[in-house]
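Geometric and topological summary
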Amino acid sequence: MKSRVLLESHLKSLKLPTFVREYEKTARQCAEADQGYAEFLLNLAGLEVAERQRKAVHRRLKQAGFPSEKELDGFDFGAAPRVNKKRVLELSRCGWVANRENVVMVGPPGVGKTHLAIALGREACRRGLTVRFFTAVGLATAYAEAREERHLLRLESQIAKRDLIIVDELGYVPLGQGAAENLFNFFSRCYERTSLIVTTNLPFSEWPQVLGDERMAGALLDRLTHRVHVLEMAGDSYRLKAGRRSGKRAAVTGPVADDEAEGPGEEEEVRED
Ligand code: ADP
Ligand code: MG
């Protein structure tokens, strides 16, 4: 009895809560399976590691601040014929994050840009990467608030610590000069340090209008597209399409393509200059 109390106290001070919880059960199972001490320890350590990993993923998902829980599993590639499934699955393996590359998703509203951005971000969290989700407006606001409160350095160091930052909806709302400048500073800071996923309804040619300043837009695009994977997403809004499918009128569905269909504009575009 005394040794048990002592053991649990040691395990607690070693911060091995799963050992505390599981050691008796694991010992029983090992005895039944005729396994020795080393296997007992291995099984227990395996449980502890698995539990730690599960908690770490949970923590990273929480800290990312995703607005919803979209997953790749829930993405209907048949309804998005221009999106190359193979390529998205490759991106979900996150090699590009390790290489400090960026992903830009361009397309009209409702085609699944935010869905895919969140899904890729969640996958990155599961792979041990730290992620933060912002809308472009939210990011500009965070900068403005930080500046007011002189917390800019803290915000920037928080941002610099992440492996991947998602900037959703760039271009939906024209930004004022101050906000555009903040975003410019943000993109500069991330350049070759932090990977980005940017979703936008704007073709690159229209960025100067939204950013209000030709030179700044040019410099920003330069940084963002230095090493970039562009996913062009076109077509009808998924919600409208889904509405039409479930409606009474004969369905006017969009083209349904093979999962692996290689749509126009789907070429890999990794500029390295
Ligand atoms: P966008 O960001 O391009 O405006 P969203 O990602 O917000 O579009 O998509 C709008 C809604 O439609 C979301 O609820 C999203 O989950 C859903 N959606 C869009 N495209 C697909 C798809 N191909 N498969 C499943 N759901 C989709
Ligand atoms: Mg969106």
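To be clear, the structure that these remarks concern was listed above.
Right, let's walk through the structure included here. (Residues numbered from 1 in each chain as written. Chains lettered and ligands numbered in written order. Predicted model: local features only at pLDDT ≥ 70, side-chain atom pairs only at ≥ 80, totals over all residues. Heavy atoms only, no water.)

What follows deals with the pattern of salt bridges. The final tally for this structure, using the stated rule, is 12 salt bridges. The partner of Glu22 in a salt bridge is Arg21, and the shortest N-O contact between them spans 4.0 Å. Where Arg126 meets Glu123, a salt bridge forms, and the shortest distance between an N and an O atom there is 3.1 Å. Of the two residues, Arg126 and Glu123 are both situated in helix α6 (residues 113–126); the distance of three residues between them amounts to about one turn of the helix. Classification of Arg126 by relative accessible area gives partly exposed; the value is 35%. By relative accessible area, which is 19% here, Glu123 ends up buried. Taken together, the shared-partner salt bridges connect Glu71, Arg122, Glu123, Arg126 and Arg127 into one network. (Salt bridge = Lys/Arg side-chain N within 4 Å of Asp/Glu carboxyl O. Helix = DSSP H or I, 4+ residues; strand = E, 2+ residues; numbered from the N terminus. Buried < 20%, exposed > 50% of the residue type's maximum accessible area, 1.4 Å probe, protein only.)

Nonpolar side chains tend toward joint burial in soluble globular proteins. If you look at the biggest cluster of nonpolar residues, it comprises 34 residues, and the most contacted ones within it are Phe186, Val198 and Trp207. Per element, the largest residue contribution to this core is six residues, and it comes from helix α9 (residues 177–190). Aside from chain neighbours lying at most four places away, what touches Phe186 is Leu139, Tyr143, Ile159, Ile165, Val167 and Leu196. Membership of the second largest hydrophobic core comes to 32 residues, among which are Ala80, Met105, Ala117 and Leu231. (Core = buried A, V, L, I, M, F, W, Y, C linked by side-chain atoms within 4.5 Å. Contact = heavy atoms within 4.5 Å.)

Close contacts around ligand 1 come from 14 residues, with Asp76, Gly110, Lys113, Thr114 and His115 the closest. For ligand 1, an oxygen atom lies 3.1 Å from a polar atom in the backbone of Gly112. Take Lys113: an N or O atom from its side chain is 2.8 Å from an oxygen atom of ligand 1. Relative to its unbound accessible area of 550 Å², ligand 1 is 86% covered by the protein chains. Elements that contribute at least two residues to the shell around ligand 1 include exactly α6 and α12 (238–246). Taken together, the residues of the shell around ligand 1 sort by class into five nonpolar, five polar and four charged. (Near = heavy atom within 4 Å. Polar contact = N/O pair within 3.5 Å; in protein donor to acceptor, adjacent residues only side chain to side chain. Areas by Shrake-Rupley, 256 points an atom, 1.4 Å probe, with all protein chains shown as cover. Nonpolar A, V, L, I, M, F, W, Y, C, P; charged D, E, K, R; others polar.)

Turning to helix α11 (residues 214–224), its buried residues number three or more, namely Met216, Ala217, Leu220, Leu221 and Leu224. End-on, the buried residues of α11 take up no more than an arc of 130°, which puts them together on one face. Of the exposed residues in α11, those oriented more than 90 degrees away from the buried face are Glu214 and Arg215. Looking at the packing, one finds that the buried side of α11 touches β1 (102–106), α9, β4 (195–200), α10 (207–211) and β5 (228–232). (Arc of directions from axis to C-beta.)

A separate point is the sheet that holds strand β3 (residues 164–170). Across the sheet, which stays open at both edges, the five strands sit in the order β2-β3-β4-β1-β5 with parallel pairing between neighbours. Both outer strands of the open sheet, β2 (131–135) and β5, are each paired with one neighbouring strand and no more. Put simply, the sheet's adjacent strands are angled 15° from each other on average, direction ignored. Here β3 pairs with β4 via five bridges, running parallel. If you follow Ile165 over to β4, its bridge partner there is Leu196. (Pairing = 2+ DSSP bridges. Axes fitted to C-alpha atoms, helices over the stretch in contact; angles between N-to-C directions.)

Moving on to the pairing of β3. Most of β3 is tucked away: six of the seven residues are buried. Each parallel crossover has a hand, and for β3 linked through α9 to β4 it is right-handed. (Right-handed = clockwise from strand over helix to strand, strands pointing away.)

The next thing to look at is the environment of Val103. Along the chain, Val103 falls in strand β1. On a C-alpha basis, the gap between Val103 and Ile197 in space is 4.7 Å, while along the polypeptide they are 94 residues apart. Excluding residues that lie within four positions of it along the chain, Val103 makes contacts with Leu91, Trp96, Leu196, Ile197, Val198, Val228 and His229.

Its place among the elements puts Thr200 in strand β4. According to the relative accessible area criterion, Thr200 is buried, its value standing at 0%. Setting aside its immediate chain neighbours within four residues, Thr200 contacts Val104, Met105, Val106, Gly107, Lys113, Leu170 and Trp207.

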